[in-house]
Amino acid sequence: MEEIALIKKVALAAAQDAGEILRNGLTKELTISHKGELDLVTQMDTLSEQTIVTHINRHFSDHQILAEEGTHQKSNSPWRWVIDPLDGTTNYAHHFPYFCVSIAVEFEKTVVLGVIYDPIHNELFVAERGKGATLNGIPLTVSSIPKLKEALLVTGFAYNLRTDPENNLNHFTQFLMRVQGVRRMGSAALDLCYVAAGRFDGFWELNLNPWDTAAGFLIVTEAGGAVTDFSGKPFFIEGKAILATNGKIHQEMVNVFMAQRK
């Protein structure tokens, strides 16, 4: 594990360089294409990913890489980078300032490092397994809200919400009637960071991908929060349901999900 110090240094540099590309890209004309009816991609997604991959390969050409825009490098290395070069592309395409770069690193299929950078607000969220989470170098702690009725939650909706009956609308309605408020911001990675920072008390979503959740999952956990699936079972980044909270309202949220299954 001696490599982790250099890996962290490379991840931080890659995230910040990619973030600068995204920030500067907002002043340019965007080329927007569609991976699906609601699933957008811009040239900045691709350029950001290329920048991150270049940083990695310069130092760790044998490492595995899984990235949203198509970079899939496989090897026998126990290290794997899981990358979302632009989480919140729809926001980005509309110049809504809620998006980020997300980079996670796994060792033997366990996430050991998470780096998420919001270039608009210059907020760098970092977590290393067993060493806590920070925002711009300051330790992060989840909120102390004790009850669901006092909570501010955040969620999102998958790109297939118009065709998949499991589209989260039922959960949205149930929680809306039980809490102080529910927000829908459009970047799962940043939503998780905001739970870690105590800005939201809980987050849930369906049908996400590993690059959406890997870094944020570790950041919430290292900030003292709880992350599971909807039934309270351990969360895996390949899973399709994630529930992340301050821990104090976690069981109440699990109970709401379980009640909807009856």
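Because the structure is a prediction, the values reported are computed rather than measured.

Along its length, the protein carries seven helices and 15 strands. Taken over C-alpha atoms, the radius of gyration comes to 18 Å for the protein, in line with the 18 Å a tight globule of 262 residues would show. Overall size of the protein, expressed as C-alpha extent along the three principal axes, is 50 × 40 × 35 Å. Looking at the protein residue by residue over its 262 residues, the buried ones come to 54%. When contacts within the protein are restricted to residue pairs at least 6 apart in sequence, long-range pairs at least 24 apart make up 63% of them.

A separate point is unusual backbone geometry. Residue H95 is not a glycine yet carries a positive backbone phi of 60 degrees. As for its position among the elements, H95 is in the loop between α3 (89–93) and β6 (100–107). With a relative accessible area of 47%, H95 lands in the partly exposed category. Non-glycine residue E108 carries a positive phi angle of around 50 degrees. Summarising the element assignment, E108 is placed in the loop between β6 and β7 (110–118). We classify E108 as exposed; its relative accessible area is 55%.

Attention now moves to the pattern of salt bridges. Going through the model one piece at a time under the given rule, you end up with five salt bridges. Residues E106 and R80 are paired through a salt bridge, measuring 2.7 Å at the closest nitrogen-oxygen approach. One end of the pair, E106, is in strand β6; the other, R80, is in strand β5 (residues 79–87), and 26 residues separate them in sequence. E106 gets classed as buried once you look at its relative accessible area, which sits at 5%. In this structure, E123 and R199 form a salt bridge, with 2.8 Å as the shortest nitrogen-oxygen distance. Linking E123 in strand β8 (residues 123–128) with R199 in the loop between α5 (188–196) and β13 (202–206), this pair joins segments that are 76 residues apart in sequence. Taking relative accessible area as the criterion, E123 reaches 14% and is therefore assigned buried. R199 sits in the partly exposed class, given a relative accessible area of 33%.

Here the focus is the packing of helix α1 (residues 4–25) against helix α2 (residues 43–59). Between α1 and α2, whose axes approach to 9 Å, the crossing angle comes to 160 degrees. In terms of their interaxial angle, α1 and α2 are classed as roughly antiparallel. Where α1 crosses over α2, the two elements pack in a sense that is right-handed. Listed contacts from α2 to L6, V10, A13, A14, D17, A18, I21, L22 and G25 of α1 are M44, L47, S48, T51, I52, H55, I56 and H59. Counted by class, the contact of α1 with α2 contains eleven nonpolar, five polar and one charged residues.

On to the state of the cysteines. Taken as a whole, this structure holds zero disulfides when the rule is applied. Here C100 stays free of any disulfide, with the sulfur of C193 as its closest cysteine sulfur at 6.5 Å. C193 gets classed as buried once you look at its relative accessible area, which sits at 0%.

We now examine the packing of α5 against helix α6 (residues 210–222). Look at α5 against α6: their axes get within 8 Å of each other, and the N-to-C directions meet at 5 degrees. As judged from the angle between their axes, α5 and α6 are roughly parallel. Within the contact between the two elements, α5 uses A188, A189, L192, C193, V195 and A196 and α6 uses D212, T213, G216, F217, I219 and V220. When grouped by side-chain class, the residues that make up the contact of α5 with α6 number nine nonpolar, two polar and one charged.

What counts, and at which threshold
- Residues numbered from 1 in each chain as written.
- Predicted model: local features only at pLDDT ≥ 70, side-chain atom pairs only at ≥ 80, totals over all residues.
- Heavy atoms only, no water.
- Helix = DSSP H or I, 4+ residues; strand = E, 2+ residues; numbered from the N terminus.
- Rg over C-alpha atoms; globule rule 2.2 N^0.38 Å.
- Buried < 20%, exposed > 50% of the residue type's maximum accessible area, 1.4 Å probe, protein only.
- Contact = heavy atoms within 4.5 Å.
- Salt bridge = Lys/Arg side-chain N within 4 Å of Asp/Glu carboxyl O.
- Axes fitted to C-alpha atoms, helices over the stretch in contact; angles between N-to-C directions.
- Parallel < 35°, antiparallel > 145°, perpendicular 65-115°, else oblique.
- Left-handed = near helix turned anticlockwise from the far one by under 90°.
- Nonpolar A, V, L, I, M, F, W, Y, C, P; charged D, E, K, R; others polar.
- Disulfide = S-S within 2.5 Å.

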